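Working through the structure, step by step
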Amino acid sequence: GAVDASDSLMMRKILAGVIDSFVINLSDAAISYSKEEKAAEIIFNKENVTVTVDLTEKGLSADIFKYISICAKAADAEEFDILVTLTTDKGTVEKTVTIPANALFVADSAKFIEAEGNITSIAFTFDKAAGETVYLDSFVFTPTISAAENAEIVRVGAANLNS
């Protein structure tokens, strides 16, 4: 049949690597949805907490999606690093992104050029201390650096409109 608007949206989501929902494995922090920030609120129970997202059934290939853009902010508006661990059926690659000091949401991207195979999970290890809070707006998989930069601009703009 004819391709309609809903088909078009679904195809765009597939091509852009959009995931509508995912399971987060988290034992060392309290996570909830902040209505005020319109983002995930993560309150750490210990230092260097890791959030793991199971992507086994999402059908994403690291051969296509080479960049991950992360939009977040710290409640204390201080700079922090996130160790991003991409795991595929062929191995694991780690990169660090830095979320600069800012009271508004900001973004950074990690490049996974050497990754290959089907993505099984992604883990974010936050360089924050116990008792601190981070707001995670989103993360986006993209195939190119220009798409990653565009994702940063779009996600940051959207997140700060909500704040």
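Residues numbered from 1 in each chain as written. Predicted model: local features only at pLDDT ≥ 70, side-chain atom pairs only at ≥ 80, totals over all residues. Heavy atoms only, no water.

Looking only at helices and strands, the protein chain features two helices and ten strands. Taken from N to C terminus, the helices and strands of the protein chain fall in the order α-β-β-β-β-β-β-β-β-β-β-α. Looking at the protein chain residue by residue over its 163 residues, the buried ones come to 40%. Here the contacts in the protein chain between residues at least 6 apart in sequence split such that 73% fall between residues at least 24 apart. (Helix = DSSP H or I, 4+ residues; strand = E, 2+ residues; numbered from the N terminus. Buried < 20%, exposed > 50% of the residue type's maximum accessible area, 1.4 Å probe, protein only. Contact = heavy atoms within 4.5 Å.)

This next bit is on the sheet that holds strand β2 (residues 29-34). Strand order in the open sheet made by the five strands is β2-β3-β10-β5-β8, with antiparallel pairing throughout. Two strands in the sheet have a free side with no partner beyond their single neighbour: β2 and β8 (106-111). Ignoring strand direction, the axes of neighbouring strands in this sheet form an average angle of 30 degrees. Taken together, the six bridges between strand β5 (residues 67-74) and β8 define a ladder with antiparallel strand orientation. By the bridge assignment, A72 is partnered in β8 with V106. (Pairing = 2+ DSSP bridges. Axes fitted to C-alpha atoms, helices over the stretch in contact; angles between N-to-C directions.)

In this section: the pairing of strand β9 (residues 119-126). Across the eight residues of β9, seven count as buried, placing the element largely inside the fold. Pairing of strand β4 (residues 50-54) with β9 involves five bridges; the strand directions are antiparallel. Looking at the pairing, D54 lines up with S121 of β9. Taken together, the seven bridges between strand β6 (residues 80-88) and β9 define a ladder with antiparallel strand orientation. If you follow L83 over to β9, its bridge partner there is T125.

What follows concerns the packing of aromatic side chains. All told, the structure shown has five aromatic pairs when counted by the stated rule. Residues F80 and F126 carry aromatic rings whose centres are separated by 6.4 Å and whose planes lie at 40 degrees to one another, so their mutual orientation is tilted. Note that F80 is positioned in strand β6 and F126 in strand β9, a separation of 46 residues in sequence. Owing to a relative accessible area of 1%, F126 belongs among the buried residues under this scheme. The structure contains a cluster of three or more aromatic residues connected by ring pairs, namely F65, F124, F139 and F141. The cationic tip of K73 hangs over the ring face of F105; the distance from NZ or CZ to the ring centre is 4.9 Å. (Phe/Tyr/Trp six-rings, centres within 6.5 Å; stacked < 30°, edge-to-face > 60°. Lys NZ or Arg CZ within 6 Å of the ring centre and 35° of its normal.)

This paragraph deals with the side chain of S109. Following the sequence through the fold, S109 ends up in strand β8. Within the structure, the side chain of S109 is placed 2.5 Å from the side chain of S69, a separation counted as a polar contact. Among the polar contacts made by the side chain of S109, one reaches the side chain of E152 at a distance of 2.5 Å. Excluding its chain neighbours within four sequence positions, the residues that come into contact with S109 are I68, S69, V97, A148 and E152. (Polar contact = N/O pair within 3.5 Å; in protein donor to acceptor, adjacent residues only side chain to side chain.)

Relative to the helices and strands, D127 resides in the loop between β9 and β10 (133-142). A relative accessible area of 43% means that D127 is categorised as partly exposed. Counting along the chain gives 79 residues from D127 to N48, while the straight-line C-alpha distance between them is 4.9 Å. Not counting chain neighbours up to four residues away, the residues in contact with D127 comprise N48, F80 and D81.

What follows covers the environment of K90. Looking at where K90 falls in the secondary structure, it is placed in the loop between β6 and β7 (91-99). Sequence spacing of K90 and I119 is 29 residues, and the spatial spacing of their C-alpha atoms is 8.9 Å. If we skip the residues at most four places from it in the chain, K90 touches E116 and G117.

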